[in-house]
Amino acid sequence: MPANLTPEYFKAERWFREAATTEEKILALEQMLSVMPKHKGTDHLHADLRRKLSKLKEAPVKKTAKHIDIFHIPRSGSGQIVLLGTPNCGKSSIVAALTNAKVNVADFPFATTAPVPGMVKFEDVPIQLVDMPPITADYLAPGQVGTYRNCDVIAIVIDLSADVGEQLHICLDFLESRNLLIDSETPAVDGQGNVLAKRAFCICTKSDIAKAGALGTLKQSCKYPFEFVEISAKIGTGLEKLSATFFSLLNIIRIYAKPPGKPADMTDPFTLPAGATVMDLASAIHRELAEKLKFARIWGTGVYPGQNAQRNHILNDKDIIELHFS
Ligand SMILES: Nc1nc2c(ncn2[C@@H]2O[C@H](COP(=O)(O)OP(=O)(O)OP(=O)(O)O)[C@@H](O)[C@H]2O)c(=O)[nH]1
Ligand SMILES: [Mg+2]
């Protein structure tokens, strides 16, 4: 019986072929198994894929001490945003405009060959922004997908002076075919606990030389409810809005800790995921101390100044908290 494999299956198969790490291979195989049609004609293939999957899962992790993965960018700051885009679209120029990182801006394609992290400050929150080598319809550096898999938010960079539809298509195809985009069917973490998809948005750059109507065309051709932030790295427009968008998409809150009887340190907040509680803050400060938390007082949104707060009280951005331990 013919297998009648679907385009989704072939996409996942390509993901598998191009995967540079065992983790990515496992994710791709699981995707192949989940999208393949199940009938008599696919029995052999199904068994074969299952065998490959269990072999990969059982394989001991090779300890190659000298191997350095240049695509692994250790996190720093309150969140990590990684840029994605086609050659010459202006990724490095964004990192150069917002951070002190030494990036390579050039008017020829493939000027960037490895990730370069930099630090952007939104008000008092440091956010890591990572420049990346470009992708094309048929090229992507081996291992590059790992940087996207490990970040918090993916920023798709679209050059408004070039073909916006083609750039968007290439970026979405890359993200969709590797289950990197959160949507109704692709969660942030799958049923087996694998980290999968990420939030994404669009940075629309080179607004100073944009083609007439390019932003409208881009918005119309995009099926995702992305935010679109229009900037020009060259003349510096839209950059404040861009850092504010980084902060809002990271979905974090900042909390100022106040030692009892002293003023709060308003320069260096703790950042926690939105929805965090008093207890989460105490654990972020020190796990052992958290067990000794007696009570907390809070100044901020929806409370009267200095109100006592329960351990499960949900915090808001810019709350000031005084923790009392036994
Ligand atoms: N007019 C204008 N030019 C820009 C802008 N941003 C970038 N450029 C120019 O576009 C060219 C490519 O910029 P890069 O930032 O190197 O592009 P990239 O996406 O990092 O390129 P790759 O590393 O090859 O992927 C350079 O000549 C930049 O000066 C902008 O906002 N306006
Ligand atoms: Mg570059």
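Look a little higher up for the structure.
Remember, predicted model here, so these are calculated numbers, not experimental data.

Peer 1: Outline the sheet that holds strand S9 (residues 293-299), supporting the account with residue identities and numerical values.
Peer 2: Read across the open sheet, the five strands follow the order S8-S7-S11-S9-S10; overall the sheet is mixed. At either end of the open sheet lies a strand with only one pairing partner, and these are strand S8 (270-273) and strand S10 (307-309). Adjacent strand axes in the sheet meet at a mean angle of 40 degrees when their direction is disregarded. Strand direction decides the pairing type here: strand S7 (residues 252-257) and strand S11 (residues 319-325), joined by three bridges, are parallel. The partner of Tyr-256 across the bridge, within S11, is Ile-320. Here helix H9 (residues 278-285) sits on the sheet in contact with S7, S8, S9, S10 and S11, set at roughly 130 degrees to S8.

Peer 1: Could you give me a rundown of the site of ligand 1, with the residues and numbers involved?
Peer 2: What surrounds ligand 1 is a group of 23 residues, the closest being Ser-92, Ser-93, Asp-107, Thr-112 and Pro-134. With three residues, helix H4 (residues 91-98) is the largest single contributor of residues to the shell around ligand 1. Among the residues making up the shell around ligand 1, the classes are represented as 10 nonpolar, eight polar and five charged.

Peer 1: So what about the nonpolar core? Which residues, and what values?
Peer 2: By size, the foremost hydrophobic cluster in this structure holds 63 residues, and its most contacted members are Val-82, Leu-84, Ile-154, Ala-155, Ile-156, Val-157 and Ile-158. If one sorts the elements of this core by residue count, helix H6 (residues 164-177) sits on top with six residues. Three or more residues apiece are contributed to this core by two domains, here domain 2 (80-250) and domain 3 (253-325). Those residues in contact with Ile-158 that sit more than four places away from it in its chain are Gly-85, Cys-89, Val-164, Gln-167, Leu-168, Cys-202, Cys-204 and Leu-218.

Peer 1: Break down unusual backbone geometry for me, citing the residues and quoting the values.
Peer 2: Unusually for a residue other than glycine, Asn-251 sits at a positive phi of about 60 degrees. Tracing the chain through its elements places Asn-251 in the loop between helix H8 (239-250) and S7. Residue class for Asn-251 comes out partly exposed when judged on the 13 C-beta atoms lying within 10 Å of it. Of note in this structure, Lys-318 is not a glycine but carries a positive phi near 75 degrees. With respect to the helices and strands, Lys-318 occurs in the loop between S10 and S11. By the C-beta count within 10 Å, which is 16 here, Lys-318 ends up partly exposed.

Peer 1: Report on the sheet that holds strand S5 (residues 199-205), specifying residues and quantitative values.
Peer 2: What the six strands build is an open sheet, ordered S2-S3-S1-S4-S5-S6; its pairing is mixed. Each edge of the sheet is formed by a strand with only one pairing partner; in this case those strands are strand S2 (116-122) and strand S6 (228-230). If you compare each strand with its neighbour and ignore which way they point, the axes differ by 30 degrees on average. Examined bridge by bridge, S5 and S6 share three bridges and lie parallel to one another. Across the sheet, residue Ile-203 finds its bridge partner in S6, namely Val-229. Its contacts with the sheet put H6 on strand S1 (80-84), strand S4 (153-159) and S5, and the angle it makes with S4 is roughly 155 degrees.

The rules behind these values
Residues numbered from 1 in each chain as written. Chains lettered and ligands numbered in written order. Predicted model: local features only at pLDDT ≥ 70, side-chain atom pairs only at ≥ 80, totals over all residues. Pairing = 2+ DSSP bridges. Helix = DSSP H or I, 4+ residues; strand = E, 2+ residues; numbered from the N terminus. Axes fitted to C-alpha atoms, helices over the stretch in contact; angles between N-to-C directions. Contact = placed C-beta atoms within 7 Å. Near = placed C-beta within 6 Å. Nonpolar A, V, L, I, M, F, W, Y, C, P; charged D, E, K, R; others polar. Core = buried A, V, L, I, M, F, W, Y, C linked by C-beta atoms within 7 Å. Buried ≥ 20, exposed ≤ 12 C-beta atoms within 10 Å, placed from the backbone. Domains from an automatic or database assignment.

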